[in-house]
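Spelled out, the chains give:
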Amino acid sequence: MKGLAVIGKHKVGWVEKQKPTAGPLEAVIKPLAITPCSSDVHIAWDDAIDLSGVNDRILGHEAVGVIEEVGSEVKDFKPGDRVIVPAITPNWERTPCQNGFSQHCDGMLTGMSFITFKDGTMAEYFNVNNADANLAIWPDELTVEQALMIPDMVTTGFYGAEMANVRLGSTVAVFGIGPVGLMAVAGSQLSGAARLLAVGSRPNLIKLAKEYGATDIIDYHDGDTVAQIMDLTDGKGVDAAIVAGGNVNTIGEAVQVVKPGGTVANLNVLGGAESIPIPLAAWGAGLSDKTIKGGFCPGGRDRMEKLIDLVKYGRVDPGKLVSHKFYKFEDIEEALLLMKNKPRDLVKPAVFLGE
Ligand SMILES: [Zn+2]
């Protein structure tokens, strides 16, 4: 079978491999749609996962598909089932799962077994570990676009609202309105945010941010972001800040705009610096009761089924994130390069592979 792989340092290309098989608890999936992610770009070109010593690791972690084969111990799924596959497929046997952190089941960030431990989803077939605990049936009510945004964009963005402790009546700031930030806006809206300030500047993203519930748009072209948020909130700041864009300095900006007792939740993959500068005055010399969190999105079947229900019952439509559509298997490469080059009108590309 064919797959799009990391074939050398900062080199991506097509490889031919054996079709994967299913161990007792596993499933083999034929993807029906795939979407590349900025994480794939970070892995391929920015060394986000150490793949030295690994030959031709196939990229991709966001897909929906049809089950081709299941292992002898898989009880709830069978060949032919259409499934949503979470980007994070923990090994649920490991003890960190019992503490609620399945994303780190085998050590930090190891819940994403795609690419980290085995080939990813940008292939004609891919393997899913712990199939009963990780797969979720894709109901007919969900379009391909909607289903495809659930494995990572929805779970990650919503995790921002959860980590930031957004409640009924909260004032929330979301830094960055790419696809994850937009889902953080939608998740905050669903969690009961009253006022929702979204920081971004691209017109198509601003339009979507408003549709997903943003009440105010902060454009950094109009001046200092922190000053604009403080002005709009009469100097009080916000209850919750979600960081879904920017860089290490954005965490410091978020600390400046949250009230004492508020929470900063980071979803961004941070890099390019040794540490995060936190302005001490804004952090009350360390006594502000402001919480700073950063978390990796939860995966697994129960999480997927809950998110599927939110779409199925009309609470959110993540399908609107898909801005660029492709229809051939080979187009996966072009879609990935689109994600790398990020044209101004890009939200999320998707490759539809049909039945
Ligand atoms: Zn992703």
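Residues numbered from 1 in each chain as written. Predicted model: local features only at pLDDT ≥ 70, side-chain atom pairs only at ≥ 80, totals over all residues.

### Examining the overall build of the chain
And step 1. Tallying secondary structure elements over the chain gives ten helices and 16 strands in all.
And step 2. Compactness check: the chain gives a C-alpha radius of gyration of 20 Å against a globular reference of 20 Å for 355 residues, within 12% of the reference.
And step 3. With respect to the three principal axes, the spread of C-alpha positions in the chain is 60 × 40 × 40 Å.
And step 4. Within the chain, counting contacts between residues at least 6 apart in sequence, those at least 24 apart form 71% of the total. (Helix = DSSP H or I, 4+ residues; strand = E, 2+ residues; numbered from the N terminus. Rg over C-alpha atoms; globule rule 2.2 N^0.38 Å. Contact = placed C-beta atoms within 7 Å.)

### Let's talk about the domain arrangement of the chain
And step 1. On domain assignment, one finds that the chain holds domain 1 (2-138 + 317-352) and domain 2 (163-294).
And step 2. Measuring from the centre of the C-alpha atoms in domain 1 to the corresponding centre in domain 2 gives 29 Å.
And step 3. On the side of domain 2, ten residues touch domain 1, which itself brings eleven residues to the contact.
And step 4. For the side of domain 1 that touches domain 2, the class distribution of residues is four nonpolar, two polar and five charged. (Domains from an automatic or database assignment. Nonpolar A, V, L, I, M, F, W, Y, C, P; charged D, E, K, R; others polar.)

### A few points about the packing of helix α4 (residues 144-163) against helix α9 (residues 301-312)
And step 1. It is at 10 Å that the axes of α4 and α9 come closest, and there the two elements cross at 125°. Judged by the angle between their axes, α4 and α9 are oblique. Seen along the crossing, α4 lies across α9 with a hand that is right-handed. The residues of α9 that touch α4, namely those facing Gln146, Ile150, Val154 and Thr155, are Arg303, Met304, Leu307, Ile308 and Val311.
And step 2. Of the residues belonging to the contact of α4 with α9, the class tally is six nonpolar, two polar and one charged. (Axes fitted to C-alpha atoms, helices over the stretch in contact; angles between N-to-C directions. Parallel < 35°, antiparallel > 145°, perpendicular 65-115°, else oblique. Left-handed = near helix turned anticlockwise from the far one by under 90°.)

### Considerations on unusual backbone geometry
The bulk of non-glycine residues show a negative phi, and the bulk of peptide bonds are trans.
And step 1. Backbone geometry places His10, a non-glycine residue, at a positive phi of 60°.
And step 2. Phi at Ile115 takes a positive value of approximately 70°, unusual for a residue other than glycine.

### With respect to helix α6 (residues 203-211)
And step 1. When we look at burial in α6, the residues that qualify are Leu205, Leu208 and Ala209. All buried residues of α6 fall inside an arc of 105° around its axis, so they share one side.
And step 2. Buried residues along α6 sit against α5 (179-191), β10 (195-199) and β11 (216-218).
And step 3. In the stretch just after α6, Gly213 is the one whose phi turns positive, near 125°. (Buried ≥ 20, exposed ≤ 12 C-beta atoms within 10 Å, placed from the backbone. Arc of directions from axis to C-beta.)

### Digging into the environment of Lys325
And step 1. Looking at the element boundaries, Lys325 is found in strand β15 (residues 322-326).
And step 2. Excluding anything up to four places from it in sequence, Lys325 contacts Ala350 and Phe352.

### Remarks on the packing of α4 against α5
For any two helices packed against each other, the geometry comes down to the angle between their axes and how far apart the axes lie.
And step 1. Relative orientation of the contacting elements α4 and α5 amounts to 55°, with a least axis distance of 7 Å. Considered as vectors, α4 and α5 are oriented oblique to each other. The interaxial crossing formed by α4 with α5 has right-handed handedness. Along the contact surface, α4 presents Met153, Val154, Thr156, Gly157, Phe158, Gly160 and Ala161, while α5 presents Pro179, Val180, Gly181, Leu182, Met183, Ala184, Ala186, Gly187, Ser188 and Ser191.
And step 2. For the contact of α4 with α5, a count of residues per class yields ten nonpolar, seven polar and no charged.

### Brief notes about helix α1 (residues 38-45)
And step 1. Taken together, the buried positions of α1 are occupied by Ser39, Asp40, Val41, Ile43 and Ala44.
And step 2. Among the structural elements, β1 (2-8), β2 (11-16), α2 (113-116) and α10 (331-341) are those in contact with the buried residues of α1.
And step 3. Count one or two residues on from α1 and you reach Asp47, which has phi positive near 60°.

### A word on the nonpolar core
And step 1. By size, the foremost hydrophobic cluster in this structure holds 108 residues, and its most contacted members are Ala27, Val172, Val174, Val185, Ala241 and Ile242.
And step 2. Take this core: its biggest share by element is ten residues, from α4.
And step 3. Three or more residues apiece are contributed to this core by two domains, here domain 1 (2-138 + 317-352) and domain 2 (163-294).
And step 4. Residues contacting Val185, with those up to four places away along its chain left out, are Val174, Ile177, Leu196, Ala198, Ala209, Tyr212, Gly213 and Ala214. (Core = buried A, V, L, I, M, F, W, Y, C linked by C-beta atoms within 7 Å.)

### Things to note about the sheet that holds β1
And step 1. Ordered by their spatial adjacency, three strands build an open sheet running β2-β1-β4, and the pairing between neighbours is antiparallel. Each having just a single partner strand, β2 and β4 (57-58) make up the two edges of the open sheet.
And step 2. As defined by bridge partners, β1 adjoins β4 across two bridges and the pair is classed as antiparallel. From the neighbouring strand, Val6 faces β4, where its bridge partner is Arg57. (Pairing = 2+ DSSP bridges.)

### Observations concerning the pairing of strand β5 (residues 63-70)
And step 1. Relative to β5, strand β3 (residues 27-34) runs antiparallel, the two being bridged by seven bridges. Paired with Ile29 across the two strands is Ile67, which belongs to β5.
And step 2. Inspection of the sheet shows β5 paired to strand β6 (residues 82-85) by four bridges, in the antiparallel sense. Paired with Val64 across the strands is Ile84, a residue of β6.

### Topic: the sheet that holds strand β12 (residues 238-243)
Sheet strands pair via backbone hydrogen bonds, and the direction of the pair is either parallel or antiparallel.
And step 1. Overall, parallel pairing links the six strands, which are arranged β11-β10-β9-β12-β13-β14 in an open sheet. In this open sheet, the two strands that pair with only one neighbour each are β11 and β14 (291-294). Each strand axis lies, on average, 15° off the axis of its neighbour in the sheet, ignoring direction.
And step 2. Lying on the sheet, helix α7 (residues 225-232) is in contact with β9 (171-175), β10, β11 and β12; it crosses β11 at an angle near 155°.

### Here we look at the pairing of β6
And step 1. Pairing of β6 with strand β8 (residues 136-137), which is carried by two bridges, proceeds in the antiparallel orientation. If you follow Ile84 over to β8, its bridge partner there is Ala136.

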